[in-house]
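Examining the three-dimensional arrangement
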Amino acid sequence: MSWQTYVDNLVGHGFAKGALLGHNGAVWAASAGLTLSGPEVAALTGGFNSPNSVLQSGVTLAGTKYFTLKADNRSIYGKHGNTGFCAVKTGQAIVIGFFPDTLSPGNASKAAEGVADYLINLSY
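**Looking at the overall build of the protein**
Scanning the protein for helices and strands turns up four helices and seven strands. Taken from the N to the C terminus, the helices and strands of the protein come in the order α-β-β-α-α-β-β-β-β-β-α. A compact globule built from 124 residues should have a C-alpha radius of gyration of about 14 Å, and the protein, at 13 Å, falls within 12% of that. Each of the three principal axes of the protein carries a C-alpha extent, and together these read 35 × 30 × 25 Å. Residues counted as buried form 43% of the 124 residues belonging to the protein. In the protein, 48% of the contacts between residues at least 6 apart in sequence involve partners at least 24 apart.

**Focus on the packing of aromatic side chains**
For the structure on display, the rule yields seven aromatic pairs. Their ring planes at 85 degrees and their centres at 4.9 Å tell us that Trp 3 and Tyr 124 sit as a pair that is edge-to-face. One end of the pair, Trp 3, is in helix α1 (residues 3-12); the other, Tyr 124, is in the segment after α4 (105-121), and 121 residues separate them in sequence. With a relative accessible area of 33%, Tyr 124 lands in the partly exposed category. Site record: aromatic cluster; members linked through ring pairs are Trp 3, Tyr 6, Trp 28, Tyr 118 and Tyr 124.

**Regarding unusual backbone geometry**
Phi at Ala 62 takes a positive value of approximately 50 degrees, unusual for a residue other than glycine. The exposure class assigned to Ala 62 is partly exposed, which follows from its relative accessible area of 35%. For Ser 123, which is not glycine, the phi dihedral falls at a positive 70 degrees. Mapped onto the elements, Ser 123 comes out in the segment after α4.

**Comments concerning a nonpolar patch on the surface**
A surface patch of nonpolar side chains, about 280 Å² in accessible area, is lined by Tyr 118, Leu 122 and Tyr 124. Mapped onto the elements of the fold, Tyr 118 is located in helix α4. You can call Tyr 118 partly exposed: its relative accessible area is 43%.

**Here's the deal with the pairing of strand β5 (residues 75-80)**
Note that strand β4 (residues 64-71) and β5 share four bridges and pair antiparallel. By the bridge assignment, Ala 71 is partnered in β5 with Ile 76. Between β4 and β5, which pair antiparallel one after the other, the connecting turn spans three residues. Between β5 and strand β6 (residues 83-89), which pair antiparallel in sequence order, lie two residues; one of them, Gly 81, sits at a positive phi of approximately 60 degrees.

So, how was this worked out
Residues numbered from 1 in each chain as written. Predicted model: local features only at pLDDT ≥ 70, side-chain atom pairs only at ≥ 80, totals over all residues. Heavy atoms only, no water. Helix = DSSP H or I, 4+ residues; strand = E, 2+ residues; numbered from the N terminus. Rg over C-alpha atoms; globule rule 2.2 N^0.38 Å. Buried < 20%, exposed > 50% of the residue type's maximum accessible area, 1.4 Å probe, protein only. Contact = heavy atoms within 4.5 Å. Phe/Tyr/Trp six-rings, centres within 6.5 Å; stacked < 30°, edge-to-face > 60°. Patch = residues over 30% accessible without salt bridge, like charges linked within 9 Å, V, L, I, M, F, W, Y side chains within 5 Å. Areas by Shrake-Rupley, 256 points an atom, 1.4 Å probe, with all protein chains shown as cover. Salt bridge = Lys/Arg side-chain N within 4 Å of Asp/Glu carboxyl O. Pairing = 2+ DSSP bridges.

See below:
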């Protein structure tokens, strides 16, 4: 199975776009048209080690600034208007799903956490 399959799985669960990153910030797979800058990825990955930093300043991804709803060493959730993102850290990867206003935040977090749990079970 390719890494892109996991991103496609997120989109199949209602996310508008998704990405799978390594802990080093390398993009393993991403939805077409999704561009994450180096500084954006660095701030997000740093947020897992220092959740207060993203809780205070928010998170910018793909040029959009998000208000941080939750941040800990496993998950970071952000909101921008009626849309948002869920980022979940596994042993080797970070799963990111960007959800539209048609997907509830609860269903979005459940789907993103589910993909992350599946990767954890595969030792990723």
